[in-house]
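Structural overview
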Amino acid sequence: MDLTRRRFLAAGSGLAVAAGAAACTAEVAATETPFDPADWASVREQFPLTREVRQFSAYVLAAPPRPVNDAINRHRAGLDRDTHAYLDAQAGPAVDAVRTAAAEYLGGRAEDIALTDSTTMGLGLLYAGIRLLPGQQVLTTEHDFYSTHHALKLRGVEVHRVRLYDTAAAASAEEMVARLRAGLTPQTRIVAITWVHSVTGVKLPVRAIADAIAAHNASLPPGQHALLCVDAVHALGVEAATPADLGCDFLISGTHKWLFGPRGTGVIWARQGAWEATAPVLPSFSGPAFDEWLNGTPTGPTTAEVFTPGGYHSFEYRWALAEAFRFHLAIGRDRVQARTRAQVERVQAELRSNPSITVVTPAAPELSAGIICFDVADTPPQAVVAALAGKGVSASVTPYNERHVRVGPSIVTSDEDVDALIRALRP
């Protein structure tokens, strides 16, 4: 018997598939004016966000733009109209489209991208799935978020943490690389870091860290190489660098923050050949996995397809993720980074000119991205955020023991929004 999951999903009535697909090709009503990715006002117009609030907290959970919402609605309508037929028609092609768009944005190959529901899911799957030999260890940092720390704790292996900097504002690339390098041992198999720290806004020199790890690995056999795993959720959709530029082995990210993708979506990117160092954690609905179950055919080395969890997901959201990558590609990674950086520099300059405000995030562009963390003298962060909300500005407090006010300009914030934020922070 030769039956894979994809062939199973495609085994419905041909007439039903054709009818279902044809019935769902109608586009959701277009926006009143065509999208011009070269015009930042047009980019902002694609988001249905209220104009009553200045949106400086997309790093928590972002609203997707109209092309993404249109795709969600189109897939939802198809599933609601004739669920089985639409699922049969879309299950393979829609997932292929997502992975292809992701690969175009991230670089690398579509077949090396696994799909998840969030950063937390991706971290949990990866850190549970990387094969470890007896005695091998994990190296991470004190600055990483709960999801990294707890995913590693649940793995039940020896974990070492290093402190990369004592004061975020005074952090340097050289110091961070040196401190992490000092934590490496021949037993280190996983290096778990976060590209942009959501507690301070510090952006790590990932390329320099990767080079230090490569030098460390040079004298070790491949099975003992330290694998660099990067939580990229606060850089994906802000920074122009690709995973290959960073030199990492795995990049993990949700896509419903700065990328403005559908809620409940995420990816794991791996360099070519890196998936072979992992084992699947949850059953996939891949062809090789079903062939193994039905026919006893060995699946061979792990692939992104086999690593992607199976089951039934919120398909209308997952399948619409391709449009989020295309939306950013249309604007251009370099332009997104430059736009965000320009607004960040404006806000940082204003904050630093205010004697009652202490900026936590480094000013240098090589050490910061979109997040800006700061303190206001004699005022708890929660009170500052509440005061900003009263002035129509959305901000947040860092969800750590180390509490700061946190704002983040993005492609949905206009120059007028930045002006409003600056006014709201003035005495």
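Relevant structure appears above.
It should be emphasised that the depicted structure is a prediction, and the values quoted were computed from it without experimental measurement.

Reading guide: rules and limits
- Residues numbered from 1 in each chain as written.
- Predicted model: local features only at pLDDT ≥ 70, side-chain atom pairs only at ≥ 80, totals over all residues.
- Heavy atoms only, no water.
- Core = buried A, V, L, I, M, F, W, Y, C linked by side-chain atoms within 4.5 Å.
- Buried < 20%, exposed > 50% of the residue type's maximum accessible area, 1.4 Å probe, protein only.
- Helix = DSSP H or I, 4+ residues; strand = E, 2+ residues; numbered from the N terminus.
- Contact = heavy atoms within 4.5 Å.
- Phe/Tyr/Trp six-rings, centres within 6.5 Å; stacked < 30°, edge-to-face > 60°.
- Lys NZ or Arg CZ within 6 Å of the ring centre and 35° of its normal.
- Salt bridge = Lys/Arg side-chain N within 4 Å of Asp/Glu carboxyl O.
- Pairing = 2+ DSSP bridges.
- Axes fitted to C-alpha atoms, helices over the stretch in contact; angles between N-to-C directions.
- Expected span 1.5 Å × (residues − 1).
- Bend = angle between axes of the 7 residues up to and from the residue.
- Right-handed = clockwise from strand over helix to strand, strands pointing away.

Moving on: the nonpolar core. Membership of the largest hydrophobic core comes to 65 residues, with the highest contact counts inside it found for Ile193, Trp195 and Leu228. It is helix α5 (residues 83–106) that provides the largest number of residues to this core, a total of 11 residues. Other than its neighbours up to four places away in sequence, Leu228 contacts Val191, Ile193, Val206, Ile209, Ala210, Ile213, Gly247, Cys248, Asp249 and Phe250.

Once that is clear, we can look at the packing of aromatic side chains. According to the stated counting rule, one finds 15 aromatic pairs in the structure shown. Look at Phe47 and Phe327: their rings are 5.9 Å apart centre to centre, the planes differ by 80°, and that puts the pair in the edge-to-face class. On the criterion of sequence distance, the pair formed by Phe47 in the loop between α3 (40–45) and β1 (54–55) and Phe327 in helix α13 (residues 315–331) is long-range, its members being 280 residues apart. Using a relative accessible area of 3% as the deciding quantity, one classes Phe327 as buried. Site record: aromatic cluster; members linked through ring pairs are Tyr86, Phe285, Phe290, Trp293, Tyr312, Phe315 and Trp319. Its end group placed over the ring of Tyr105, Arg333 keeps NZ or CZ at 5.4 Å from the ring centre.

Here we take up unusual backbone geometry. With phi around 60°, Phe260 is a residue other than glycine that occupies positive phi space. By the element assignment, Phe260 lies in the loop between β7 (250–254) and β8 (266–270). In the Ramachandran plot, Asp378 falls in the positive-phi region, its phi being about 60° despite a non-glycine side chain. Residue placement: Asp378 occurs in the loop between β10 (372–376) and α15 (381–390).

This next bit is on the side chain of Asn217. In this fold, Asn217 is placed in helix α9 (residues 206–217). Residue Asn217 is classed as buried on the basis of its relative accessible area of 9%. Once residues within four sequence positions are removed from consideration, Asn217 is found in contact with His225 and Ala226.

Looking now at the pattern of salt bridges. Taken as a whole and assessed by the stated rule, the structure comprises 18 salt bridges. Arg326 serves as the salt-bridge partner of Glu323, at 2.7 Å between the closest nitrogen and oxygen. Of this pair, Glu323 and Arg326 are both found in helix α13, 3 residues apart, which corresponds to roughly one turn of the helix. Relative accessible area serves as the criterion here: at 39%, Arg326 is assigned to the partly exposed category. Connected through salt bridges with shared partners, the residues Glu142, Arg163, Asp166, Glu175 and Arg179 form a single ionic network.

Let us now look at the sheet that holds strand β12 (residues 396–397). Read from one edge to the other, the open sheet built from 4 strands follows the order β9-β10-β13-β12, with strand pairing classed as antiparallel. Two strands lie at the open edges of the sheet, namely β9 (357–359) and β12, each paired on one side alone. Relative to β10, β9 is paired through 3 bridges, and the arrangement is antiparallel. Bridge pairing links Ile357 to Val376 in β10.

Right, let's get into the sheet that holds strand β4 (residues 159–162). Taken in spatial order, the 7 strands make up an open sheet running β2-β8-β7-β6-β5-β3-β4, and their pairing is mixed. Two strands lie at the open edges of the sheet, namely β2 (113–116) and β4, each paired on one side alone. Going across the sheet, the axis of each strand differs from the next one's by a mean of 20°, ignoring polarity. Relative to β8, β2 runs antiparallel, the two being bridged by 4 bridges. By the bridge assignment for β8, Ile113 is matched with Trp269. Sitting on the sheet, α5 is in contact with β2 and β8, with an inclination near 115° to β2.

Let us look at α5. Taking 1.5 Å of rise per residue, the 24 residues of α5 would be expected to cover 34 Å, and the 32 Å separating its terminal C-alpha atoms lies within 8% of that figure. Where α5 bends most, the angle comes to about 45°, and this point is Gln90, followed within four residues by the proline Pro93. Burial within α5 is extensive, with 17 of its 24 residues counted as buried. A positive backbone phi angle near 90° is found at Gly107, which sits one or two residues after α5.

Before going further, it helps to examine the pairing of strand β6 (residues 227–231). In terms of burial, β6 is a largely internal element, 5 of the 5 residues being buried. Alignment of strand β5 (residues 188–194) against β6, held across 5 bridges, turns out to be parallel. Residue pairing in the sheet places Thr194 in a bridge with Asp231 of β6. One crossover worth recording links β5 to the parallel β6 by way of α9, and it is right-handed.

What follows concerns the environment of Arg131. Along the chain, Arg131 falls in the loop between α6 (119–129) and β3 (137–141). Separated by 151 residues in the primary sequence, Arg131 and Leu282 place their C-alpha atoms 15 Å from one another.

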